[in-house]
Amino acid sequence: MNVLSALLLLASASEQLPDGPRLVLVPSNVGAAAVHIRFAVPDDAEEEATGRIFQASQAVTLANGALPRTWATDLFAGSAQMRTGSSREDLRFSLTAAPESFDALFATFVTAIFKSKLSAERFKKLEGHIPTQRTSMTSSGLLINAFAGRPLPAFPLKNRLLEFESVAGFVKRVVRPGNATIIVTGRFDEKAVRAVLAAFTGGAPIVNVHRPPKPSEGLFTGADDLYVVIYGFEQPTPELEASLLILQELLSASLLEVLRSAGATYSIDIVIHRLEGLTCLMWVVPSRDNSKLDLLPYIDRILEGLMKTDEREAFALAKGQVQKRLARAALSPDALVEGVDEGAINVEWLTPEFARVIRETTLPAIQRAPPLHREDRTVWRLVPKEGR
């Protein structure tokens, strides 16, 4: 089966369960299965918000008391792995396992999360086991901080646990079935999945509708020397998102060519992030390395050139790369969970309808899309303190 056929044959389904989570099923006949559970987080400008969200994600996993004592050995026996994550936007929990072990592990995993109960005594014992600070930010984390008006993460935790009441109240508000989106992918028993989820109801979705950051430029102190460049598009259509995904590949190829020619050693990150009502094209690139090459002017030139180019071969190659990447996500539970977790994959991009939109996208269509004007972007220049 080629990658295009894989997308065309993919039977994904999305529905809101009665008084329960939004359930997205992405079945495929592969040698693994996975579940990704996301809880939306309310837009909270309090100073402790980021730290509380992060600690809550760890506390739910480590302190709820609902996981069996044999959980670690159960994971090992089922060729399974579990992970948690958080941002200002969400809490995330995922589990990947062999198909023959998945259904039983899924039931235990979901039940433990929805029945999370934090006690002050157990929470206190976690001191030293829950990290209270993070030292780096993913591109997704930088983007979310942009909407909060904070270019850099604030962790005023002073290497201590937050108060139990703060984290417990947050968990009670956020970790509710009605506020969950659950993606199940790979080879699994749909009836068994639905039977488990039917036992959990209550709560309402938390919806944060974002607007693009106001166009601006700023200089801030950071751990690394880099640029963050953001273009935001409100209420994006499938046609616009398909164009942005292909443009992402074209931009990456063009920028890497500039870097190779200059002998630069940059690591670049050009990503598409999808939030509620908003899709962003985002560049995270070092501002300079030993080659002293400043990348920001090149970004402008590359965008201007792509809007005029007639290089059909490069366009066809970029479109093929997008199709392959989405097909890999559709057919690999690990790749899908990782992509969703990082904000780089949206399950709606894995449907036959979206596959058709990509097939029908042409180079002139991309060039007719909303332009990426210099005056419409947000640019942060982050530099180490000593470099200011």
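Because the structure is a prediction, the values reported are computed rather than measured.

A. Up close: the pattern of salt bridges. Taken as a whole and assessed by the stated rule, the structure comprises 5 salt bridges. With its nearest N and O atoms 2.4 Å apart, the salt bridge here joins R194 to E15. Of this pair, R194 sits in helix α8 (residues 190–197) while E15 sits in strand β1 (residues 13–16); the two residues are 179 residues apart in sequence, bridging distant segments of the chain. Under the relative-accessibility criterion, R194 is labelled partly exposed at 28%. Of the charged contacts in the structure, one is a salt bridge between R356 and E360, with a shortest N-O distance of 3.1 Å. Of the two residues, R356 and E360 are both situated in helix α13 (residues 352–360); the distance of 4 residues between them amounts to about one turn of the helix. Assessed through its relative accessible area of 34%, R356 is described here as partly exposed. Assessed through its relative accessible area of 51%, E360 is described here as exposed. Salt bridges here are not isolated pairs; linked through shared partners, they connect E15, E190 and R194.

B. Fine view of helix α12 (residues 333–341). Burial in α12 covers these residues: P333, L336, V337, G339, V340 and D341. As for α12, its buried residues are in contact with β2 (22–27), β3 (33–40), β4 (81–86), β5 (90–97), β6 (180–186) and α11 (312–331).

C. Quick peek at the packing of aromatic side chains. One pass over the structure, following the stated rule, counts 6 aromatic pairs. Arranged with centres 6.4 Å apart and planes meeting at 5°, the rings of W71 and F109 form a pair that is stacked. Here W71, found in helix α3 (residues 71–77), pairs with F109, found in helix α4 (residues 99–114); they are 38 residues apart in sequence, far enough to count as distant. Accessibility assignment for this pair places W71 and F109 in one class, buried. Three or more aromatic residues joined by ring pairs form one cluster here, namely F39, F93, F114 and F200.

D. Quick peek at the side chain of N346. The residue N346 is located in the loop between α12 and α13 in this model. By relative accessible area, N346 is classed as buried at 15%. Polar side-chain contacts of N346 include one of 2.9 Å to the backbone nitrogen of E348.

E. Just the nonpolar core, in detail. L251, L281, W283 and L336 are the most contacted members of the largest nonpolar core, which totals 47 residues. When residues no more than four places from it in sequence are discounted, the contact partners of W283 are Y227, V228, V229, Y231, L251, L255, D269, I270, I299 and L303. Formed by 40 residues, the second largest nonpolar core is a distinct cluster that contains V41, L75, A180 and V193.

F. Region of the structure containing unusual backbone geometry. Phi at D19 takes a positive value of approximately 55°, unusual for a residue other than glycine. Tracing the chain through its elements places D19 in the loop between β1 and β2. Positive phi values are uncommon outside glycine, yet S79 reaches one of about 50°. Structurally, the position occupied by S79 is in the loop between α3 and β4.

G. Main features of the confidence of the model for the protein chain. Mean pLDDT over the protein chain works out to 75, with 70% of the residues at or above the 70 mark. Every residue in residues 1–11 scores below 50 in pLDDT, and together they form 23 contacts with partners more than four places removed in sequence or on other chains. Below pLDDT 50 for its whole length, residues 153–159 participates in 16 contacts with residues either more than four positions away or in separate chains.

H. A look at the environment of R377. Mapped onto the elements, R377 comes out in the loop between α14 (363–368) and β11 (378–383). Residue classification places R377 among the buried positions, given a relative accessible area of 4%. In sequence terms R377 and G232 are 145 residues apart; their C-alpha atoms lie 7.6 Å from each other.

Scoring rules and cut-offs
- Residues numbered from 1 in each chain as written.
- Predicted model: local features only at pLDDT ≥ 70, side-chain atom pairs only at ≥ 80, totals over all residues.
- Heavy atoms only, no water.
- Salt bridge = Lys/Arg side-chain N within 4 Å of Asp/Glu carboxyl O.
- Helix = DSSP H or I, 4+ residues; strand = E, 2+ residues; numbered from the N terminus.
- Buried < 20%, exposed > 50% of the residue type's maximum accessible area, 1.4 Å probe, protein only.
- Contact = heavy atoms within 4.5 Å.
- Phe/Tyr/Trp six-rings, centres within 6.5 Å; stacked < 30°, edge-to-face > 60°.
- Polar contact = N/O pair within 3.5 Å; in protein donor to acceptor, adjacent residues only side chain to side chain.
- Core = buried A, V, L, I, M, F, W, Y, C linked by side-chain atoms within 4.5 Å.
- pLDDT = per-residue confidence, 0-100.

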